[in-house]
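Below are the chains, spelled out letter by letter.
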Amino acid sequence: MKLKLSTVVGTLVLIAAAAASFAAAATLSMSSRSLGAGRAAVSVCDSDGFSYTHTLDASQNVATVTVSGIAASCAGTTLQLTLADAGNASIGSASALLPASGFLGQVTLTITGAAPSANVSFYRVAVTS
Amino acid sequence: MNLFRTIRLLSRARRLLGLVLLIGGCGAGVAGAAAITIATGTLVVSSKTFTHATCTLTGTAQTADAEVREANAGSNFSTQASMVTRPDAPNRRRGYLVFDLTKCSPAIPANAEVDSATLILFATGVPATRTITLYRVTSSWTEAGITWSAQPTVAASATTSLSLSSTGAKSFDVTNDVNDFTQSAPTPLPPYAATVPNDGWMIDDEGAGTTQITFGSSENGTAARRPTLVIAYAS
């Protein structure tokens, strides 16, 4: 088998473009292991979304966010949360490893960065293996 | 084909994958400066969009309040135009008030996250500098039934306190309490194990002396002197 770099890059761009076509989807999942074969296999660990609660510090910045409703199949993965303002700029973030055993479907993240609650327009969450 | 060339190509392709998916990954709704880099092995990408709103509650239709007096332990003082605090036994006086959050229009959505909540009390009489402390009430009470002898329970720790040295509108930060009320209802979300009931606050002067601080009540004839709760929330 003979592979050319341009072929590989072209394939990846094609896959990325295909991902962009799912702009309206609330959840996108993919497995990198199938990309080389030209197929976008779905390996979703949670498909029904999450719930959120927060706590605030004395300045009314978001201090912690508890993400719940995480499916047990996400245990052992890493959850990354980004708080974004109306302009979609990141104003706070946090990440945590979801324990592989004894996972109760929720995690409380301590937010890094001063994120006034009134300025938070989006939570962005990624769960990665 | 040379095996080493294949490995080298795949290695370069893997490095490019992160960059390409970051660009194309905008399709998952993650875009701009706040984008999360979608690495290989991504299992879920999700987002929540918040809309911010404000609710202001005031007046007798949205507030229940009363004063209790130690010297008249069995009497109810819920229809007068003011509430008085006084620290000295056996003449202590305290105020209680609660706002009906269901009267917000539009209604506060279920499990809403509070951005801020401010209780505004209008001090009409401040003869000396005093520290006024608010405690979250932790058991139910009624405006017509509360007396010194029948006071509800309150939280062990104060919600907030404020030093008063003049009359006028005084703002107390009750954000965390209201955040607990809204986020835990109607169905508590983690980390709440149960709904945190909204039973309002007790207004107290825990100092010494005989000074009486007077606040306008919800029955006050001047609207600006009535207790007001301003809630900014996101959902």
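What comes next is a walk through the structure.

Conventions and cut-offs
- Residues numbered from 1 in each chain as written.
- Chains lettered and ligands numbered in written order.
- Predicted model: local features only at pLDDT ≥ 70, side-chain atom pairs only at ≥ 80, totals over all residues.
- Heavy atoms only, no water.
- Salt bridge = Lys/Arg side-chain N within 4 Å of Asp/Glu carboxyl O.
- Buried < 20%, exposed > 50% of the residue type's maximum accessible area, 1.4 Å probe, protein only.
- Helix = DSSP H or I, 4+ residues; strand = E, 2+ residues; numbered from the N terminus.
- Disulfide = S-S within 2.5 Å.
- Pairing = 2+ DSSP bridges.
- 1 Å grid on protein atoms, 1.4 Å probe; cavity = no way out; pocket = protein on both sides within 12 Å on 5 of 7 lines; lining within 4 Å.
- Points joined across faces, edges and corners; volume = space filled by probe spheres on them.
- Core = buried A, V, L, I, M, F, W, Y, C linked by side-chain atoms within 4.5 Å.

Notes on the pattern of salt bridges
All names here are of chain B. Inspection of the entire model under this criterion finds eight salt bridges over all chains. For Arg69, the salt bridge identified is with Glu67, shortest N-O distance 2.8 Å. Of the two residues, Arg69 and Glu67, both sit in the buried class. Residue Glu67 is joined to Arg93 by a salt bridge in which the shortest nitrogen-to-oxygen separation is 3.4 Å. With Glu67 in strand 3 (residues 63–69) and Arg93 in strand 5 (residues 93–99), the pair connects residues that are 26 residues apart, well separated along the chain. Taking the relative accessible area as the measure of exposure, Glu67 reaches 0% and is therefore buried. Each of Glu67, Arg69 and Arg93 takes part in a single network of salt bridges with overlapping partners.

So, the state of the cysteines
The term disulfide refers to a covalent linkage connecting the sulfur atoms of a pair of cysteines. Residues and elements named next belong to chain A. A full pass over the atoms with the stated rule returns two disulfides over all chains. Shown here is the disulfide that connects Cys45 with Cys74, its sulfur atoms set 2.0 Å apart. The chirality of the disulfide connecting Cys45 with Cys74 is right-handed, given an S-S dihedral of about 85°. Of this pair, Cys45 sits in the loop between helix 1 (5–20) and strand 1 (51–56) while Cys74 sits in the loop between strand 2 (62–68) and strand 3 (78–84); the two residues are 29 residues apart in sequence, bridging distant segments of the chain.

As for the pairing of strand 5 (residues 106–110) of chain A
Consecutive residues of a regular strand have side chains that alternate between opposite faces of the sheet. Residues and elements named next belong to chain A. Residues Val107 and Leu109 line the buried face of strand 5, whereas the alternating positions Gln106, Thr108 and Thr110 sit on a face that is not buried. Note: strand 2 against strand 5, five bridges, orientation antiparallel. Following the sheet pairing, Val67 is matched in strand 5 by Val107.

Some details on empty space enclosed by the protein
Taken as a whole and assessed by the stated rule, the structure comprises one cavity of 30 Å³ or more. In this structure, the largest cavity occupies an estimated 50 Å³ of space. What lines the largest cavity is His54(A), Val62(A), Ser117(A), Val120(A), Tyr123(A), Phe50(B), His52(B), Glu113(B), Asp115(B) and Ala234(B).

Describing the nonpolar core
Within soluble globular proteins, side chains that are nonpolar tend to cluster in buried spots. One finds Leu119(B), Trp201(B) and Ile231(B) to be the most contacted residues of the largest nonpolar core, which totals 31 residues. At the level of secondary structure, the elements contributing two or more residues to this core comprise strand 2 (52–58), strand 5, strand 6 (113–125), strand 7 (130–136), helix 2 (175–183), strand 10 (201–205), strand 11 (213–216) and strand 12 (228–234) of chain B. Among the elements that line this core, the one with the most residues is strand 6 of chain B, at five residues. Phe50(A), Ile70(A), Phe103(A) and Leu43(B) belong to the second largest nonpolar core, which has 29 residues in total.

Without other data, these values stay purely geometric and don't point to any function.
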